[in-house]
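Geometric and topological summary
Residue-level listing of the chains:
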Amino acid sequence: MTRKTKFVEIAITTVILMAAILIAGCSSYGPSPGTPATTQVPIPEPNTVTIQNFAFTPATITVPKGTTVTWTNLDSVNHQVISDAQGSIAEGAVFSSNFLPQGAGYSFRFDNPGTYPYHCSIHPSMKATVIVT
């Protein structure tokens, strides 16, 4: 094989390789241009509070009397929902959940109008309020 033949062979191989890379770079597994991307965001259920990122969301929820509010823990650590009235069930708290692992929930029916501040007993900086009308 002559030096010129070897150069041509390398040049052709390089061109083929570059074309393959260019074609692969232009391919896409995503939506085609002009197609809007969609993101699925869970729609919260009415009267539901999520526990995520060490916060209650929403921080304040307003419901009519007789409504059941449900808390769901989406964090990977345990949380506990407990009303602020006196700080514990033994001292007169209105409601208190068990420790809630990830994915667990707790529900409480609010039969009396009022404002019910609450917190997580494990993470006291987590605070929120239920307002019952």
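Scroll up to find the structure this text is about.
In this text, all values refer to a predicted model and were calculated from it rather than measured experimentally.

A look at the nonpolar core
With 20 residues, the main nonpolar core has Phe56, Trp71, Val81, Phe95, Phe110, Tyr118 and Val130 as its most contacted residues. Elements with a minimum of two residues in this core: β1 (48-51), β3 (60-63), β4 (67-73), β6 (105-110), β7 (114-120) and β8 (127-132).

Section: the sheet that holds strand β2 (residues 56-57)
The strands that make up a sheet pair up through hydrogen bonds in the backbone, lying either parallel or antiparallel. Strand order in the open sheet formed by 4 strands is β2-β1-β4-β6, and the pairing between neighbours is mixed. With one partner strand each, in any of the chains shown, β2 and β6 form the two edges of the open sheet. Where β1 meets β2, 2 bridges bridge the pair, whose relative direction is antiparallel. Bridge pairing links Thr50 to Thr57 in β2.

Looking at the pattern of salt bridges
Within this structure, the stated rule accounts for 1 salt bridge. Asp111 is the salt-bridge partner of Arg109, the closest N and O atoms lying 2.5 Å from each other. Looking at Asp111, the relative accessible area reads 42%, which means it is partly exposed.

Things to note about the sheet that holds strand β5 (residues 81-83)
Taking strand neighbours across the sheet as the criterion, the 4 strands line up as β3-β8-β7-β5 in an open arrangement whose pairing is mixed. Pairing within the sheet leaves two strands with one partner each, and these edge strands are β3 and β5. Between one strand axis and the next, the sheet turns through 25° on average, direction left out of account.

About the thresholds
- Residues numbered from 1 in each chain as written.
- Predicted model: local features only at pLDDT ≥ 70, side-chain atom pairs only at ≥ 80, totals over all residues.
- Heavy atoms only, no water.
- Core = buried A, V, L, I, M, F, W, Y, C linked by side-chain atoms within 4.5 Å.
- Buried < 20%, exposed > 50% of the residue type's maximum accessible area, 1.4 Å probe, protein only.
- Helix = DSSP H or I, 4+ residues; strand = E, 2+ residues; numbered from the N terminus.
- Pairing = 2+ DSSP bridges.
- Salt bridge = Lys/Arg side-chain N within 4 Å of Asp/Glu carboxyl O.
- Axes fitted to C-alpha atoms, helices over the stretch in contact; angles between N-to-C directions.

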